[in-house]
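What follows is each chain in one-letter form.
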Amino acid sequence: ESFRTMNVDEHRRSYEEGYEEGLSAGLDKGEIEATEDYYLKLENNWERYFPTKSCLIREYSLSIESKNYRNGFFSGDLDGLAQGYGDKYRELSQETIEKKSKVEEVPISGGEVESFDNTFFLKIEKGTYYNPVIVKLDVLPDEFYSLDEGFIKVSDYYKINVTNKSYAKDNEKDIELIFEYYGKNNGGIYKLVNDKWLYIPSYIEDGYIKAFVTPNSFKGKANVYSVLIDKNSKHLLDIRDH
């Protein structure tokens, strides 16, 4: 009886040790795969990474371990993969939801509104509006708008609304749009107009790309801006000094 008890305990201990090691490995793997999937906007589905026992044995050199240890490792890895993937995917999704929209009041003395990730800024000069205005920034997902093959999207889509209760403004002043940018000179700030992306004269300076627009540009609620690279743009050498 003592021999049988010891034998069972030994097998159980071997299984449990394998399970704990597999659980730790699965949690790490799940978080990594979920991060990549969320970045690529793939469906929340950990089962696409369902491992086989033979793959785990080769990946973690389990051939030198006992059969019970290998079985425990496989079970733990599955549980960890499902848990790590699901928790990380939900965490990233919730973070995106929390940082999707931002609303700020800008006084008549002017001010700056910046995105949560500090990659987009909207600067309003003093006296542009004759009373405080409400500025709303809304980040839209990559798939929200179609993009011509000639363009490369290098920033988020920002939907900008300016609520001005008096509707009066000085349209001779400019509002500055600033995006963080480290690309080539064929990048520019674009606005979506009638389902087409129209270029706004932009200039690149010290890690940012900037453009000026008039307050009238923010009439209505369909004011969507983004930084795009035009793959078909031509670099005209004879206007370099202009």
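Everything discussed here concerns the structure shown above.
Note that the structure is predicted; figures quoted are calculated from it, not measured. Throughout this description, residue numbers start from 1 for each chain and increase along the sequence as written. For this predicted model, a pLDDT threshold of at least 70 governs which residues receive local features, and a threshold of 80 or more governs which side-chain atom pairs are given and counted, while totals over whole chains, interfaces and linings are taken from all residues. The side-chain quantities take in all heavy atoms of the structure and omit both hydrogens and water.

With respect to the overall build of the protein
- Per the convention used, a helix needs a DSSP run of H or I reaching at least four residues, while a strand needs a run of E reaching at least two, with both numbered from the N terminus. When helices and strands are counted, the protein shows three helices and 12 strands.
- Computed over its C-alpha atoms, the radius of gyration of the protein comes to 27 Å, more than 25% above the 18 Å expected for a compact globule of 242 residues.
- The principal-axis extents of the C-alpha atoms in the protein amount to approximately 95 × 45 × 30 Å.
- Remark: exposure states derive from per-residue accessible area (1.4 Å probe, protein chains only) relative to the maximum for the residue type, with buried under 20%, exposed over 50%, and partly exposed in between. When each of the 242 residues of the protein is scored for burial, the buried share is 36%.
- In this analysis, two residues are considered to be in contact whenever any of their non-hydrogen atoms come within 4.5 Å of each other. Of the contacts made within the protein by residues no fewer than 6 positions apart, 72% connect residues no fewer than 24 positions apart.
- With an accessible surface of roughly 15,300 Å², the protein has 50% of that area assigned to carbon and sulfur atoms.
- For the purpose of charge, His is not counted, nor are the chain termini; Lys and Arg are scored as positive and Asp and Glu as negative. The location of each charge is read from NZ of Lys, CZ of Arg, CG of Asp or CD of Glu. Computed over 32 positive and 45 negative side-chain charges, the separation of the two mean positions in the protein equals 5 Å. We compute the radius of gyration from the C-alpha atoms alone; for a globule the expected value is 2.2 Å times N to the 0.38, where N is the number of residues. Accessibility throughout is a Shrake-Rupley quantity obtained with a 1.4 Å probe, and a residue counts as covered only by protein chains that appear here.

Thoughts on the pairing of strand β7 (residues 175–180)
- When you tally the buried positions in β7, you get five out of six residues, the bulk of the element.
- Pairing geometry for strand β3 (residues 120–124) and β7, over five bridges, is antiparallel. Pairing of Phe120 across the sheet is with Phe179, part of β7.
- Only when DSSP finds a minimum of two bridges between them are two strands counted as paired. Judged from the six bridges that link them, β7 and strand β11 (residues 208–213) form a sheet pairing that is antiparallel. Note on β11: the bridge partner recorded for Ile175 is Val213.

Quick word on a nonpolar patch on the surface
- Patch membership needs two things, relative accessible area over 30% and no salt bridge, and members are linked within 9 Å if like-charged or within 5 Å if nonpolar (Val, Leu, Ile, Met, Phe, Trp, Tyr). Whenever Lys or Arg places a side-chain nitrogen within 4 Å of a carboxyl oxygen from Asp or Glu, that contact is recorded as a salt bridge. The grouping of Tyr39, Leu40 and Leu42 at the surface amounts to a nonpolar patch, some 350 Å² of accessible area in total.
- If you trace the backbone, Leu40 turns up in the loop between α1 (2–39) and α2 (53–59).

Remarks on the layout of surface pockets
- What the largest pocket holds in volume is close to 910 Å³.
- In this analysis a 1.4 Å probe is tested at points of a 1 Å grid over the protein atoms alone, and where it fits but cannot get out there is a cavity; an open set with protein on both sides within 12 Å along at least five of seven lines is a pocket; lining residues have an atom within 4 Å of a point. Forming the walls of the largest pocket are 27 residues, and the residues nearest its centre are Tyr38, Lys41, Thr96, Val139 and Asp156.
- Counting only elements with at least two residues in the lining of the largest pocket, the list comes to α1, α3 (67–98), β1 (101–106) and β4 (133–140).
- Residue contributions to the lining of the largest pocket peak at five residues, all from α3.
- When residues are sorted by character, Ala, Val, Leu, Ile, Met, Phe, Trp, Tyr, Cys and Pro go into the nonpolar class, Asp, Glu, Lys and Arg into the charged class, and all the rest, Gly among them, into the polar class. Tallied by class, residues from the lining of the largest pocket come to 10 nonpolar, six polar and 11 charged. Grid points are joined across faces, edges and corners, and a volume is the space filled by probe spheres set on the points.

A word on the pairing of strand β8 (residues 187–193)
- Here β8 lies mainly inside the structure; six of its seven residues are buried.
- Pairing of β8 with strand β12 (residues 224–230), which is carried by five bridges, proceeds in the antiparallel orientation. Each bridged residue has a counterpart across the sheet, and for Tyr190 the counterpart in β12 is Ser226.
- The antiparallel hairpin formed by β8 and strand β9 (residues 196–200) contains two residues in its connecting segment, where Asn194 sits at a positive phi of about 50 degrees.

Description of the sheet that holds β11
- What the five strands build is an open sheet, ordered β2-β3-β7-β11-β10; its pairing is antiparallel. The sheet is open, and its two edges are formed by β2 (111–114) and β10 (202–205), each paired on a single side. In this sheet, neighbouring strand axes are inclined to one another by 20 degrees on average, regardless of whether the strands run parallel or antiparallel. Only the stretch in contact is used when fitting a helix axis, every axis being a line fitted to C-alpha atoms; angles between N-to-C directions are given from 0 to 180 degrees.

Digging into the packing of aromatic side chains
- Here a pair means two rings of Phe, Tyr or Trp (six-membered ring of Trp) with centres within 6.5 Å. Their orientation is stacked below 30 degrees between planes, edge-to-face above 60, and tilted elsewhere. All told, the structure shown has 18 aromatic pairs when counted by the stated rule.
- Note on Tyr145 and Trp197: the rings are 6.1 Å apart at their centroids and 90 degrees apart in plane angle, and the pair reads as edge-to-face. One end of the pair, Tyr145, is in the loop between β4 and β5 (151–153); the other, Trp197, is in strand β9, and 52 residues separate them in sequence.
- Residues Tyr190 and Tyr199 carry aromatic rings whose centres are separated by 5.5 Å and whose planes lie at 65 degrees to one another, so their mutual orientation is edge-to-face.
- On the basis of relative accessibility, which here comes to 6%, the residue Tyr190 falls in the buried class.
- Linked through ring pairs, Tyr38, Tyr49, Tyr85 and Tyr89 together constitute an aromatic cluster.

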